[in-house]
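Coordinates in review
So the chains spell out like this:
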Amino acid sequence: MLQSLITLSDQDIEVVITAVQQWCTRNHCDIDSNEGHRALTLAIDLVQNSARDTLLQSLTERLGPRHGQSL
């Protein structure tokens, strides 16, 4: 995961971190949790495939809300 992150531009890294932090906040989980790591891995993949503008929306659609959370 970290190896993929270092291949991104500084701007893309910022987009990834911001979107994952927002997703984690909305889903009441820590970025260092299993869910946070899953979101980070997916966000990196999405950014590498040009989904920058809709990253948070894409994370939410693909990961859904954390168990017990509503959208």
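This is a predicted model, so every value here is computed, not measured.

Reading the values: rules and limits
Residues numbered from 1 in each chain as written. Predicted model: local features only at pLDDT ≥ 70, side-chain atom pairs only at ≥ 80, totals over all residues. Heavy atoms only, no water. Helix = DSSP H or I, 4+ residues; strand = E, 2+ residues; numbered from the N terminus. Buried < 20%, exposed > 50% of the residue type's maximum accessible area, 1.4 Å probe, protein only. Contact = heavy atoms within 4.5 Å. Arc of directions from axis to C-beta. Core = buried A, V, L, I, M, F, W, Y, C linked by side-chain atoms within 4.5 Å. pLDDT = per-residue confidence, 0-100.

On to the overall build of the protein chain, then. For the protein chain, the count of helices and strands is four helices and zero strands. Helices (α) and strands (β) of the protein chain occur, in sequence order from the N terminus, as α-α-α-α. Residues classed as buried in the protein chain amount to 37% of the 71 residues present. The contacts of the protein chain with a sequence gap of at least 6 include a subset with a gap of at least 24, amounting to 57%.

Listing the buried residues of helix α4 (residues 55-63) in full gives Leu55, Leu56, Ser58, Leu59 and Leu63. Seen from one end, α4 has its buried residues packed into an arc of 160°, which puts them on one side. Trailing α4 by a residue or two, glycine 64 shows a phi angle of about 70°, which is positive.

Before going further, it helps to examine the environment of glutamine 57. Counting through the fold element by element, glutamine 57 comes out in helix α4. Given a relative accessible area of 48%, glutamine 57 falls into the partly exposed group. Linking glutamine 57 and alanine 19, residues 38 residues apart in sequence, is a C-alpha distance of 8.9 Å.

Attention now moves to unusual backbone geometry. Positive phi outside glycine occurs at histidine 28, with the angle close to 50°. Relative to the helices and strands, histidine 28 resides in the loop between α2 (10-26) and α3 (34-48).

Counting residues in each nonpolar core, the largest one holds 19 residues, and the members touching the most others are Val16, Val20, Trp23, Leu55 and Leu59. Taken together, the elements giving at least two residues each to this core come down to α2, α3 and α4. The leading source of residues in this core is α3, at seven residues. If we ignore the near neighbours within four places in the chain, the residues touching tryptophan 23 are Cys29, Glu35, Ala39, Leu56, Leu59, Thr60, Leu63 and Gly64.

So, about the confidence of the model for the protein chain. Looking at the protein chain, pLDDT values average 85 and 85% of them are 70 or higher. Looking at the elements of the protein chain, mean pLDDT is at its lowest for helix α1 (residues 2-6), recorded as 70, and at its highest for α2, recorded as 94.

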